[in-house]
Amino acid sequence: MNIKILGAFAAVALLAACSNTETPTPTPSAPVTAGPVPGSQEDLVANVGDRVFYDFDKSALKPDGKATLDRQAAWLAKWAQNNVQVAGNADERGTEEYNLALGQRRANAARDYLVAKGVSSGRITTISYGKDRPVALGSNEQAWAQNRNAITSVR
Amino acid sequence: MTNEAGETMSNFIKPPSTQRLIGRRGLVAGTAGILAAPAIIPGAAHAQAPAAPNSAVIDVNRARTDPIPVAIPNLVGSGGDADRLGRDISGVITNNLVRSGLFRPIDPAAFIGGAANAGDVPNFQNWKAIGAQALVTGKVESQGGDKVRVEFRLWDVLPQQQIQGTAYTTTQSNWRRIAHIISDVIYERLLGEKGYFDTRVVYIAGSGPRDRRVKRLAIMDQDGENNRFLTDGGFLALTPRFHPTRDQIAFMSYVNDKPRVYLFDLGTGRQQMLGNFPGMTLSPRFSPDGNSVIMAQTNSGGSDIMLVGLNGGGARRLTDSGAIDVSPCFSPDGTQIAFNSDRGGDQQLYVMNADGSGVKRISYGRGRYATPVWSPRGDLIAFTRIGETFAIGVMRPDGSGERILSESFYCEGPTFAPNGRVIMFWRETPARDNRGNGFSARLVSIDITGFNERAVSTPTDASDPAWSPLLQ
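Small disclaimer: the values here were computed from a predicted structure and weren't measured.

What follows deals with the sheet that holds strand β23 (residues 368-374) of chain B. Hydrogen bonding along the main chain pairs the strands of a sheet, whether they run parallel or antiparallel. Residues and elements named next belong to chain B. Sheet architecture is open: four strands sit in the order β23-β24-β25-β26, paired in antiparallel fashion. Looking at strand neighbours, the two that pair on one side only are β23 and β26 (403-408), the edges of this open sheet. Direction aside, neighbouring strands of the sheet carry axes that sit 20° apart on average. Note: β23 against strand β24 (residues 381-386), five bridges, orientation antiparallel.

This is how it looks when you write it as structure tokens:
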């Protein structure tokens, strides 16, 4: 019984993912007075998700990160004029030079996933800031988790 | 120079001509004279003579447990500016010797009979009475215009001998260099090893909120004086390192959002991208002969160690592990390279031959290891160890004899003084809240045995220190 229910949930999740990648849901036409402009950086942040997160000292994409990148790939297919930069970042619990290389590896992992999902590699640049551009300013595990990321931005 | 690099020129602060860097050779060439000991001392100590009984001349190991008591009265001025210079020079010498931890300058309040007249034979009994084993005397004479003559003598109090006497003729504005040069002479004559006071430190000055941190290239004397900023903060600057002989720095710059290794000329303020690589280049260090830079270049899965010739020598890939290979550093004889790699699963230290062959892991302690830096003496590799806390330590080049010198929430990036006796690194204090308040980064120096840890004062937050060679 439990297994069946689990299976049902899994199927739903897969369908949702498929519908995102293959037939992007048209962005609901927002009222002119509110909400980000479709196709803008704000749209990416609010309705797609501009960043993926990594485990400590890792650059492997996690399931939720892949789901975010699936949505980004679909969004980039829809907004074909948009080029993006993927910036890789690291938390403060590593040495500077290694973290620069680690951030680049994270940016590359996200870029490679987007390319595999059909985004032209010519539309994506990458950069690493190591630990020099943290988004969370604290010195605790919660902040560090937020700072182990790759952030996509419209260029 | 490319247009891209050319556009960035205006971002650099040109060194004001009044702060032009002057080589030691130019400073003292033909003007440093050896002063004979005053004639009345029979058998005045010759430079290489064995130390007399009760001599102030000892070695570094003894000085660590028993710092040499030294009296440094103000150099006697010929009046006016020369008086002030005499006091200032003595002050800088005193500060240098105190900070080394190997000398114990005696409080001038204890001096009997005030400053000794330079050139005169000191009244040794008066200096012996207050416990001085070494005595520094000297005088400053104005020679018209901006020229001054600085004379100094170093005395061994108990055997009653002159150890050194030297006079320097220079311009007043060079007074700090003269004080550092004299400090180095004192260090060398009393401890039998080269000093490190006539040196500079290049570092990264940090300011502003953590998420928009401004990081500027900066340089100062090793004692924190003469600080100046070399870039204006319009782009991130990271990891500067000195050329072994030229007034040149290799560093990493984010100019035009292209993080690459650049060369920065200290004399002109000009900077130039090193090579033309498709990916990020980082972690540069000069080879000991100064003819090339060893650095890392990122690729799809990590980074490789590259050797790049400075005179059109081309680039050569030394590692190709598919992992992150970074932070390479030559041994002082140029035959080996230490670096940092996660090829074994996490960051560890490796050593290989200069051609990339014979890679061997050397770190086997608890935790991850990073930033290997070879001592100029060749006998130690300093590193950062990463665990629950961060630590600065040293080990032999074969990985044996690991010693931790300092441990805290965060510290990183050791750099050796040119005599290999002192390490500088930086330490960060954690943010105490989620707005980043309380975060700071500061420079620290420590003796390689782990004693005499001291803050190095900088006008802003500071990181990424790199010690210069002794100035030429």
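With that out of the way, let us pick up the domain arrangement of chain B. All names here are of chain B. Domain annotation for chain B reports domain 1 (31-40 + 54-191) and domain 2 (200-467). Each of domain 1 and domain 2 was reduced to a C-alpha centroid, and the two centroids are 36 Å apart. At the level of secondary structure, the elements contributing two or more residues to the side of domain 1 that touches domain 2 comprise α3 (60-65) and α4 (81-100). With three residues, α4 is the single largest residue contributor to the side of domain 1 that touches domain 2. Residues belonging to the side of domain 1 that touches domain 2 are distributed by class as follows: one nonpolar, three polar and three charged.

Listed under "domain: OmpA-like" (unreviewed entry) in the UniProt record, and renumbered for this structure, are residues 41-155 of chain A. From the first C-alpha to the last, residues 41-155 of chain A spans 9 Å; its make-up is 45% helix and 19% strand.

Turning our attention to the interface of chain B and chain A. Taken together, the contacts link 37 residues of chain B with 24 residues of chain A. Looking at side-chain class alone, the side of chain B that touches chain A contains 14 nonpolar, 14 polar and nine charged residues.

Moving on to the confidence of the model for chain B. Residue and element names in this part refer to chain B. Taken over all residues, the pLDDT of chain B has a mean of 89, while the share at 70 or more is 88%. Within the model, pLDDT remains below 50 along residues 1-30, and this stretch shows 45 contacts once partners closer than five positions in the same chain are excluded. Here residues 39-48 scores under 50 on pLDDT; set against residues more than four positions off or in separate chains, the count is 12 contacts. As a predicted assembly, this complex carries a pTM of 0.88 together with an ipTM value of 0.89.

When the terminal C-alpha atoms of helix α3 (residues 63-78) of chain A are compared, their 23 Å separation across 16 residues agrees well with the 22 Å that a helix rising 1.5 Å per residue should span. The set of residues buried in α3 of chain A consists of Gly65, Thr68, Leu69, Asp70, Gln72, Ala73, Ala74, Trp75 and Leu76 of chain A.

Read across the sheet, four strands follow the order β15-β16-β17-β18 (chain B) without closing on themselves; strand pairing throughout is antiparallel. Both outer strands of the open sheet, β15 (281-286) and β18 (315-317) of chain B, are each paired with one neighbouring strand and no more. The mean inter-strand angle of the sheet, taken between neighbouring strand axes irrespective of direction, is 25°. Of the pairings in the sheet, the one linking strand β16 (residues 292-298) of chain B to strand β17 (residues 303-309) of chain B comprises seven bridges and is antiparallel in character. Following the sheet pairing, Val293 of chain B is matched in β17 of chain B by Val308 of chain B. Lying on the sheet, helix α4 (residues 96-116) of chain A is in contact with β15, β16 and β17 of chain B; it crosses β15 of chain B at an angle near 150°.

What counts and how
- Residues numbered from 1 in each chain as written.
- Chains lettered and ligands numbered in written order.
- Predicted model: local features only at pLDDT ≥ 70, side-chain atom pairs only at ≥ 80, totals over all residues.
- Pairing = 2+ DSSP bridges.
- Helix = DSSP H or I, 4+ residues; strand = E, 2+ residues; numbered from the N terminus.
- Axes fitted to C-alpha atoms, helices over the stretch in contact; angles between N-to-C directions.
- Domains from an automatic or database assignment.
- Nonpolar A, V, L, I, M, F, W, Y, C, P; charged D, E, K, R; others polar.
- UniProt positions renumbered as here; feature names shortened; annotations may be inferred.
- Contact = placed C-beta atoms within 7 Å.
- pLDDT = per-residue confidence, 0-100.
- Expected span 1.5 Å × (residues − 1).
- Buried ≥ 20, exposed ≤ 12 C-beta atoms within 10 Å, placed from the backbone.

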